[in-house]
Amino acid sequence: MTQAYAEAFHHFTQAAHQGHLVALYNLALMHMNGLGVPISCQTTVILLKNVAERGHQWGQLLGEARAAYRSGHYDQALMKYLQTVSGVVRLQFEWRLSL
């Protein structure tokens, strides 16, 4: 299994350098869960921040959720947060199926 993680890390890194956001997200998951690399909260946060800052839909949804929460529209904020989480969970599931 270690070789598979090494290959995945290599390919995700190449794709991330070409601007592929899902690859960048997958690298964050690898660092978060210690899959083929040491667990690193710092690296995970940096990678996820990059995904959000590159205009990915999660970054937009999180911004909208934060704005709704701050303006007291808690029901709208909750829906945006749930949309974000469901997208992340879906990607994690798809990524694990690809291993």
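Residues numbered from 1 in each chain as written. Predicted model: local features only at pLDDT ≥ 70, side-chain atom pairs only at ≥ 80, totals over all residues. Heavy atoms only, no water.

**Q** Talk me through the overall build of the protein; I want residue IDs and the actual numbers.
**A** Of the regular secondary structure elements, the protein holds 5 helices and 0 strands. When the elements of the protein are put in sequence order from the N terminus, they spell out α-α-α-α-α. Of all 99 residues assigned to the protein, the portion counted as buried reaches 30%. Total accessible area computed for the protein in this model is approximately 6,500 Å², and 60% of it derives from carbon and sulfur atoms. (Helix = DSSP H or I, 4+ residues; strand = E, 2+ residues; numbered from the N terminus. Buried < 20%, exposed > 50% of the residue type's maximum accessible area, 1.4 Å probe, protein only. Areas by Shrake-Rupley, 256 points an atom, 1.4 Å probe, with all protein chains shown as cover.)

**Q** Report on helix H3 (residues 41–53), specifying residues and quantitative values.
**A** If you check H3, its first and last C-alpha atoms are 18 Å apart, about what 13 residues at 1.5 Å a residue would give, namely 18 Å. The complete set of buried residues in H3 reads Thr44, Leu47 and Val51. One face of H3 carries all of its buried residues, which in axial projection span an arc of 70°. Among the exposed residues of H3, those oriented more than 90 degrees off its buried face are Cys41, Gln42, Val45 and Glu53. (Expected span 1.5 Å × (residues − 1). Arc of directions from axis to C-beta.)

**Q** Which residues make up the side chain of His31, and what are the values?
**A** For His31, the position within the fold is in helix H2 (residues 21–33). Given the relative accessible area of 12%, His31 is considered buried. Ignoring any residue separated from it by four or fewer positions in sequence, one finds His31 in contact with Phe9, Val37, Pro38, Ile39, Ser40, Thr43, Thr44 and Leu47. (Contact = heavy atoms within 4.5 Å.)

**Q** An account of the confidence of the model for the protein is requested, with residue identities and associated values reported.
**A** Per-residue confidence for the protein gives a mean pLDDT of 82, with 82% of residues at or over 70. Highest mean pLDDT in the protein belongs to helix H1 (residues 2–17) (92); lowest belongs to helix H5 (residues 74–98) (72). (pLDDT = per-residue confidence, 0-100.)

**Q** I'd like a rundown of the environment of Ala65, residues and numbers included.
**A** Looking at the element boundaries, Ala65 is found in helix H4 (residues 57–70). The class for Ala65 is buried, based on a relative accessible area of 0%. Each C-alpha atom of the pair Ala65 and Gln76 lies 7.0 Å from the other, and the pair is 11 residues apart in sequence. Dropping the residues within four chain positions of it, Ala65 is found in contact with Ala77, Lys80 and Tyr81.

**Q** Any chance you could break down the packing of H2 against H3 for me, citing the residues and the numbers?
**A** Here H2 crosses H3 at 160°, and the two axes come no closer than 8 Å. As the angle between them shows, H2 and H3 are arranged roughly antiparallel. Between H2 and H3 lies a crossing of left-handed hand. Mapping the contact onto sequence places Leu21, Leu24, Tyr25, Leu27, Ala28, His31 and Met32 in H2 and Thr43, Thr44, Leu47, Leu48, Asn50 and Val51 in H3. (Axes fitted to C-alpha atoms, helices over the stretch in contact; angles between N-to-C directions. Parallel < 35°, antiparallel > 145°, perpendicular 65-115°, else oblique. Left-handed = near helix turned anticlockwise from the far one by under 90°.)

**Q** I'd like to hear about the pattern of salt bridges, residue by residue, with values.
**A** Side-chain pairs of opposite charge can arise whenever the charged atoms involved come near each other. Across all of its chains, the model carries 1 salt bridge by this definition. Its salt-bridge partner being Glu64, residue Lys80 comes within 2.8 Å of it at the nearest N-O pair. In this pair, Lys80 sits in helix H5 while Glu64 sits in helix H4, placing the two residues 16 residues apart along the sequence. By relative accessible area, Glu64 is classed as partly exposed at 30%. (Salt bridge = Lys/Arg side-chain N within 4 Å of Asp/Glu carboxyl O.)

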